[in-house]
Amino acid sequence: MKHLNETLSRTLIEESGEITRQWLLIPKSGRPSDDQKAEMQHRLLIEIVAGILSEKDGGEEELTKWALQFARDRAVHEVPVYESVTSFKEFRRLVWNRIQTCCEKMSEKPGANAVFHWGEKLNKAIDHMIEVFTEEYYKVTVTQLNAQKEMINELSAPIMPIADGIGILPLVGEIDTYRAKMILESVLDQCSSLRLSYLFLDISGVPIVDTMVAYQIFKVIDSTKLLGIETTISGIRPEIAQTVVKLGIDFSQVKTEQSLAKALAKNGFIVKESLR
């Protein structure tokens, strides 16, 4: 059986170029724009699988490393995971066809047990590869999404300096628990770096202000006060005021204005209406 394994392994390695060529010709094979790199990756996989079929030591470990790297590459290039999984199925088919052809050409015909053994090892290897690939692809994707979400949240609460020590923070869009936390951290950092002494906080662009959002807004104002920053909040609608009252949050010491324009005007800034 050992020499049959070695014969099969050697044949697959010798034909790895042709197998790779056929594999990459398959539509939606999940390859990136770098064809040369894709060819190297695919040929390496064939060599690893050939080693597993010949019962080479360390084959599963090499396969795991390959699947991890392949998943990272595909995630970075945003190749849909289903395309890669489909590609793996085609790879299984191509290798199995080569095994059948090799069996027919062997001078010593392998028995049914040997063929069954190769099929079992091939399927086990491909299944393991798919499991490792999909898990790592998911991890990389989640990491990328979290990083993008964090960046978007940071950019969604920019303080715009309008004079020395004076800035405007217009909050726009829905605010969930995560974004509220990011806003608080971002505002404090920006206030410190900009050396603000006065901040205009406008919430007219926030469609829904629930209990959590109202509490977080209060925390922003309270935190900036500890930094010695005077804050004026504008854009408080009637329903927002009701939420604040229900919470029992004391805004009596906070300067409020109906609109950002009025808040700026009361502090000496001339706001001109744009011509339409």
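Since this is a predicted model, take the numbers as computed values, not measurements.

## Description of the packing of aromatic side chains
Aromatic rings considered in pairs are described by the distance between their centres and by the relative angle of their planes.
Inference 1: In the structure shown here, the tally under the stated rule is 8 aromatic pairs.
Inference 2: Judged by centre distance (5.9 Å) and plane angle (50°), the rings of phenylalanine 70 and phenylalanine 133 are tilted. Separated by 63 residues along the polypeptide, phenylalanine 70 in helix α4 (residues 59-76) and phenylalanine 133 in helix α6 (residues 112-155) bring together distant segments of the chain. As far as burial versus exposure is concerned, phenylalanine 70 and phenylalanine 133 are alike and both buried.
Inference 3: Grouped by ring-pair contacts, the aromatic residues Trp66, Phe70, Phe88, Phe133 and Tyr137 constitute a single cluster.

## Quick notes on the sheet that holds strand β2 (residues 166-172)
Inference 1: Read across the sheet, 5 strands follow the order β1-β2-β3-β4-β5 without closing on themselves; strand pairing throughout is mixed. One side of each edge strand has no neighbouring strand; the edge strands of this open sheet are β1 (160-163) and β5 (255-257). Geometrically, the sheet is characterised by an average inter-axis angle of 25° between neighbouring strands, direction not taken into account.
Inference 2: Sitting on the sheet, helix α7 (residues 177-194) touches β1, β2 and β3 (198-205), and the angle it makes with β2 is about 165°.

## Focus: the side chain of serine 16
Inference 1: Mapped onto the fold, serine 16 is located in helix α2 (residues 16-24).
Inference 2: Here isoleucine 13 takes part through its backbone oxygen, which lies 2.8 Å from a polar atom of the side chain of serine 16.
Inference 3: Leave out the neighbours within four places in its chain, and serine 16 touches Arg43 and Ile46.

## Considering the packing of α2 against helix α5 (residues 81-105)
Inference 1: For the pair α2 and α5, interaxial distance at closest approach is 10 Å and the crossing angle is 145°. Relative to α5, the crossing made by α2 is right-handed. Between α2, through Glu18, Ile19, Gln22 and Trp23, and α5, the contact on the second element is made entirely by Ser87, Phe88, Phe91, Leu94 and Arg98.
Inference 2: By residue class, the composition of the contact of α2 with α5 is 5 nonpolar, 2 polar and 2 charged.

## Points about the pattern of salt bridges
Inference 1: Scanning all chains against the criterion turns up 10 salt bridges.
Inference 2: Between glutamate 230 and lysine 255 there is a salt bridge; the shortest N-O distance is 2.4 Å. Here lysine 255 lies in strand β5 and glutamate 230 lies in strand β4 (residues 230-234), a separation of 25 residues in the sequence.
Inference 3: Glutamate 230 sits in the partly exposed class, given a relative accessible area of 33%.

## Some points on the domain arrangement of the chain
Accessible area lost upon the coming together of the parts serves often as the stated size of an interface.
Inference 1: Segmentation of the chain into domains returns domain 1 (1-151) and domain 2 (160-267).
Inference 2: Each of domain 1 and domain 2 has a C-alpha centre, and these two points are 55 Å apart.

## Regarding the pairing of β4
Inference 1: Most of β4 is tucked away: 4 of the 5 residues are buried.
Inference 2: Handedness of the β3-helix α8 (residues 211-226)-β4 crossover: right-handed.
Inference 3: Pairing geometry for β4 and β5, over 3 bridges, is parallel. Directly across from threonine 232, in β5, lies its bridge partner lysine 255.

## So, the environment of valine 140
Inference 1: Note that valine 140 resides in helix α6.
Inference 2: As a C-alpha pair, valine 140 and alanine 71 span 69 residues in sequence and 8.1 Å in three-dimensional space.
Inference 3: Setting aside anything within four residues of it in sequence, one finds valine 140 in contact with Arg72 and Ala75.

## Remarks on the packing of helix α1 (residues 2-14) against helix α3 (residues 35-53)
Inference 1: Viewed as axis vectors pointing N to C, α1 and α3 meet at an angle of 175°, and their least axial separation amounts to 8 Å. Taken together, the axes of α1 and α3 lie roughly antiparallel to each other. Mapping the contact onto sequence places Asn5, Leu8, Ser9, Leu12 and Ile13 in α1 and Ile46, Glu47, Ala50, Gly51 and Leu53 in α3.
Inference 2: Each residue belonging to the contact of α1 with α3 can be placed in one class, and the counts come to 6 nonpolar, 3 polar and 1 charged.

## As for unusual backbone geometry
Inference 1: A positive phi angle, close to 65°, is found at glutamate 55, a residue other than glycine.
Inference 2: Within the element layout of this structure, glutamate 55 appears in the loop between α3 and α4.
Inference 3: The class for glutamate 55 is partly exposed, based on a relative accessible area of 45%.
Inference 4: Despite not being glycine, glutamate 78 has its phi angle at roughly 55°, a positive value.
Inference 5: As for its position among the elements, glutamate 78 is in the loop between α4 and α5.
Inference 6: Owing to a relative accessible area of 65%, glutamate 78 belongs among the exposed residues under this scheme.

Calculation criteria
- Residues numbered from 1 in each chain as written.
- Predicted model: local features only at pLDDT ≥ 70, side-chain atom pairs only at ≥ 80, totals over all residues.
- Heavy atoms only, no water.
- Phe/Tyr/Trp six-rings, centres within 6.5 Å; stacked < 30°, edge-to-face > 60°.
- Helix = DSSP H or I, 4+ residues; strand = E, 2+ residues; numbered from the N terminus.
- Buried < 20%, exposed > 50% of the residue type's maximum accessible area, 1.4 Å probe, protein only.
- Pairing = 2+ DSSP bridges.
- Axes fitted to C-alpha atoms, helices over the stretch in contact; angles between N-to-C directions.
- Contact = heavy atoms within 4.5 Å.
- Polar contact = N/O pair within 3.5 Å; in protein donor to acceptor, adjacent residues only side chain to side chain.
- Left-handed = near helix turned anticlockwise from the far one by under 90°.
- Nonpolar A, V, L, I, M, F, W, Y, C, P; charged D, E, K, R; others polar.
- Salt bridge = Lys/Arg side-chain N within 4 Å of Asp/Glu carboxyl O.
- Domains from an automatic or database assignment.
- Right-handed = clockwise from strand over helix to strand, strands pointing away.
- Parallel < 35°, antiparallel > 145°, perpendicular 65-115°, else oblique.

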